[in-house]
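Spelled out, the chains give:
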Amino acid sequence: DIHMQYERVGADVTMKCGSMDWDAAVTWTANGTDIDESHLNGSYLILKNVDLSQSGQYSCYEGSSWHLKYQTYLRVGTPPKEPVLMCRSNNYPKGFYCSWHLPTPTYIPNSFNISVIHGTKDMVCEKDAVPKNRCHIRYLQLFSTVKYKVTLTVTNALGKNFTTLTFDEFAIVKPDPPESVVAKPVPNNPRRLEVSWQNPSSWPDPESFPLKFFLRYRPLILDQWQHVELSDGTSHTITDAYAGKEYIIQVAAKDNDIGTWSDWSVAVHATPWTEEPKHLTTEAQITETTSASTSSFMAPPTTKICDKGAVVGSGAMAVCWTAGLVVAAYSVLFI
Amino acid sequence: GDSWGIFTFLCAALCNLPALPALNCSEELGAGQSIQQTYDLTRYLEHQLRTLAGTYLNYLGPPFNEPDFNPPRLARAERVPSATVDLDLWRGLTDNARLAANYRAYSRLLCYLRVLDGQVGTAELRHRLAHFCASLQGLVLSIGGVMSSLGYPLPAGPAGPPAPPGTPAAPNDFLKKMDDFWLLKELQTWLWRSAKDFNRLKKKVPPAVVTLRLEARGF
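For chain B, the name recorded in an unreviewed UniProt entry is Cardiotrophin-like cytokine factor 1, with Rhabdornis inornatus as its organism. One UniProt comment on chain B, placed under Sequence similarities (unreviewed entry), says "Belongs to the IL-6 superfamily."

Within an unreviewed UniProt entry, the label attached to chain A reads Ciliary neurotrophic factor receptor subunit alpha, and the organism entered is Rhabdornis inornatus. Of the comments in the UniProt record for chain A, the one headed Subcellular location (unreviewed entry) reads "Cell membrane". Chain A has a UniProt comment under Sequence similarities (unreviewed entry) that states "Belongs to the type I cytokine receptor family. Type 3 subfamily."

Shown next as structure tokens:
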């Protein structure tokens, strides 16, 4: 007959050997290992100030016959702290979902119960199979004046706790980030990058509930972002990119009128179009190359200039940029 | 006592909007542009309302100005048509029905706000309310303009008694404040809804309507 008991971290635990008398001679084991007599008070096992490592199987055997008299499984844990609850509508106007977690583990099994009240009506939040700790609700009505009240209760063998969220339908609207962000150089335009993306697939009705977008971009070598807000369309051309520099670009989405901005999309990298190396030559070499083939050049001169003292730092970069500009200006003369 | 009668009279007097003048200007602009302007107006009003509501709720005092205040809706007859609607029903509204719902709602809301204006204590509030009412009147006219340019008849005016005569007036100060709280809530929700209504209308108004009018002007 196996028992299970849950005790709080730091508690003092007394285990009785079943129906044995206090003065009976017994031996206790923890996970098969004998426990020293100093922990015994008669036939009772005393564990003071238990910690997590003391979880396990405790067995009590009658002294002489080594008969198993009692067995229990001890699990040391904590009662739940106030859970963290978040509700969000990434599929407006279909509905919303709530997800939750405990700020610190309890080390013992917990059960969660979620209730959603809208005015006087109780609504059912259907639990998701994956991920766990998440449930979703469909809106029955749109444009409600009455708030939603979501209460999450966590219970385990050592206690319970709860948290409540109250919100308006509009306040929790937050789309998923835009998808399929693509950034491409524009041929013959050394300062342009063409960025395009798609509405997040979870947004069910972009026709009636259009999204607006926020684009941010910067060259990898700088820390400061540039921002553009776009009220419609799913593409944008950056026209002030630094020539030849690799850029990192991200896009975020928001319902046109309500709610908050999505998280940033996955970052994409792109470098604006640069000219073919054969144009970037000195005057002397030009007369040579008109007869020789261009494949004899192994690397464009700009790279050579930048390679000198090739420590990545603002000084070297300034040299690169200056060289880049000079070469770009020079090459324009030869087009 | 007789406060209900006074209330009805006030509303009837204040809500006697003049018949809409011949809207030649909006006909020239075309329905598409008017819809955009109406949309912009709702966004502007929504923004204005945030400040106004904050000030007014502070004037009402606690618990009305507490952010978590979430009272149950009392079983009093709703004075203003609610913005709340079943999703499929909302999607299926004809352009005419959609516009008419907005027109009726804001006409009534304007009416009640004007009554409020006459009652509030502080000069600052009176000033804000007056300014808001003026903008709200602009919205009602703008919606009316869109309806006219699309050839829809305007809904019957709000000049009549705003609620069934059987509705009792707020019997005490607290319930009166509660009524004001719900009025502001309903107004806020309508402005959120209108943004979506006009988004939908923007997509649905056929470009041909605008083109036709431009051609008529000899472009």
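J.: Please set out the confidence of the model for chain A residue by residue, giving values where relevant.
T.: Per-chain confidence: chain A averages 85 in pLDDT, with 82% of residues scoring 70 or above. Low confidence marks residues 289–320 of chain A, where pLDDT is under 50. Its contacts with residues over four positions away, or in another chain, come to 19 contacts.

J.: Mind laying out the interface of chain A and chain B, listing which residues take part and the relevant values?
T.: At the interface, 22 residues of chain A touch 24 residues of chain B. Buried area between chain A and chain B, both sides added, is near 2200 Å², and the carbon and sulfur share of it is 52%. If you sort the residues of chain A by the area they bury against chain B, Phe 143, Thr 145 and Asp 257 of chain A come out on top, with a joint share of 33%. The tally of links from chain A across to chain B stands at five salt bridges. Note that Arg 43 of chain B and Asp 257 of chain A form a salt bridge whose closest N and O atoms lie 3.1 Å from each other. Viewed at the interface, chain B and chain A are joined by 14 residue pairs in polar contact (both at pLDDT 80 or more). Split by residue class, the side of chain A that touches chain B holds 10 nonpolar, six polar and six charged. Judged from the two bridges that link them, strand β15 (residues 141–142) of chain A and strand β1 (residues 85–86) of chain B form a sheet pairing that is antiparallel. Across the sheet, residue Gln 141 of chain A finds its bridge partner in β1 of chain B, namely Asp 86 of chain B.

Analysis parameters
Residues numbered from 1 in each chain as written. Chains lettered and ligands numbered in written order. Predicted model: local features only at pLDDT ≥ 70, side-chain atom pairs only at ≥ 80, totals over all residues. Heavy atoms only, no water. UniProt positions renumbered as here; feature names shortened; annotations may be inferred. pLDDT = per-residue confidence, 0-100. Contact = heavy atoms within 4.5 Å. Buried area = accessible area lost by both parts, 1.4 Å probe. Salt bridge = Lys/Arg side-chain N within 4 Å of Asp/Glu carboxyl O. Polar contact = N/O pair within 3.5 Å; in protein donor to acceptor, adjacent residues only side chain to side chain. Nonpolar A, V, L, I, M, F, W, Y, C, P; charged D, E, K, R; others polar. Pairing = 2+ DSSP bridges. Helix = DSSP H or I, 4+ residues; strand = E, 2+ residues; numbered from the N terminus.

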